[in-house]
Amino acid sequence: MSHNTTEVLAGGLVLAAAIGFAVYAGQAAGLSRAGSSYELNASFRSLEGVSIGTDVRLAGVKIGTVTGVDLNPQTFRADTRFSVKDGIEIPDDSAVVISSEGLLGGNFVEVMPGGSPFAFEVGDAVEDTQGAVSLISLLVKFVAGGGDEG
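In short, a report on the structure. (Residues numbered from 1 in each chain as written. Predicted model: local features only at pLDDT ≥ 70, side-chain atom pairs only at ≥ 80, totals over all residues. Heavy atoms only, no water.)

### Considerations on the overall build of the protein
Point 1. On a plain count of helices and strands, the protein comes out with two helices and eight strands.
Point 2. If you list the helices and strands of the protein from N to C, you get α-β-β-β-β-β-β-β-β-α.
Point 3. The proportion of buried residues among the 150 residues of the protein is 27%.
Point 4. A separation threshold of at least 6 residues defines the contact pool for the protein, and within that pool the share at least 24 residues apart is 60%. (Helix = DSSP H or I, 4+ residues; strand = E, 2+ residues; numbered from the N terminus. Buried < 20%, exposed > 50% of the residue type's maximum accessible area, 1.4 Å probe, protein only. Contact = heavy atoms within 4.5 Å.)

Next up, the structure:
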C-alpha cells in the first residue's frame, strides 16, 4: 500500500485546521481559564437574549461571563450569577444592565461603574439592575402610535 505525498499533506492540513477550530471554539466559549475570577449575583426583570456563557463587559471590554441563570419562584425574576476577573474591583454602587450589540446583534451584560470607594466582595448581589428591552415591543408601540402626542 503506497501513500501519495499529496494525500498525507492534505490530511495533515485538515487535522491542523480541526485542532485550530477546536482551540478557537474553546476560547470563544470561555472554557479556557487564563486567570481566576470571583462571582457576583444580580436579579433582572427580563433576561431576554442572555444565557450561560454570555459576555460581561465594562467599558466595552470583556471582564467575565454569565455562569448561572435561575428563575426565582417567589419574585418571578431571573436570578443571575456572573464571574468577574480577579483584579477588577467594581464599586459597590455600580449598575448592571442588559445591553444590545445593535439591531441584529445579541445581548450582553454591561457593568456601569459607580463612584463608591468600596468594591463588591465575592458573592455580593448587585441591587441596581435593568433588564432587557424588547425590540419587538418597541416596534409594536411605534407602529401602533403608542408615543406621546402633542
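### Points about the environment of Ser-116
Point 1. With respect to the helices, strands and loops of the structure, Ser-116 is situated in the loop between β6 (107–112) and β7 (125–126).
Point 2. When the C-alpha positions of Ser-116 and Ile-90 are compared, they lie 9.0 Å apart, and in sequence the two are 26 residues distant.
Point 3. When neighbours within four sequence positions are excluded, Ser-116 is seen to be in contact with Pro-91, Asp-92 and Asp-93.

### Considering the pairing of strand β4 (residues 77–85)
Sheet faces and side chains relate simply in a regular strand, where the side chains alternate between the two faces.
Point 1. By the bridge criterion, eight bridges tie strand β1 (residues 37–44) to β4 in an arrangement that is antiparallel. Residue pairing in the sheet places Tyr-38 in a bridge with Val-84 of β4.
Point 2. As defined by bridge partners, strand β3 (residues 61–72) adjoins β4 across six bridges and the pair is classed as antiparallel. If you follow Asp-70 over to β4, its bridge partner there is Asp-79. (Pairing = 2+ DSSP bridges.)

### Focus on the environment of Ile-63
Point 1. Considering the arrangement of structural elements, one finds Ile-63 in strand β3.
Point 2. For Ile-63, a relative accessible area of 3% puts it in the buried group.
Point 3. Along the backbone, Ile-63 and Lys-85 are 22 residues apart, and their C-alpha atoms lie at a distance of 5.7 Å.
Point 4. Non-local contacts of Ile-63, meaning those with residues more than four positions away in its chain, are made with Val-56, Arg-57, Leu-58, Ser-83, Val-84, Lys-85, Ile-88, Ile-90 and Val-111.

### What to know about the packing of aromatic side chains
Point 1. In total, this model carries zero aromatic pairs according to the counting rule given.
Point 2. Over the ring of Phe-108 we find Arg-57, and its NZ or CZ is 4.3 Å from the ring centre. (Phe/Tyr/Trp six-rings, centres within 6.5 Å; stacked < 30°, edge-to-face > 60°. Lys NZ or Arg CZ within 6 Å of the ring centre and 35° of its normal.)

Taken by themselves, the reported measurements are silent on function.
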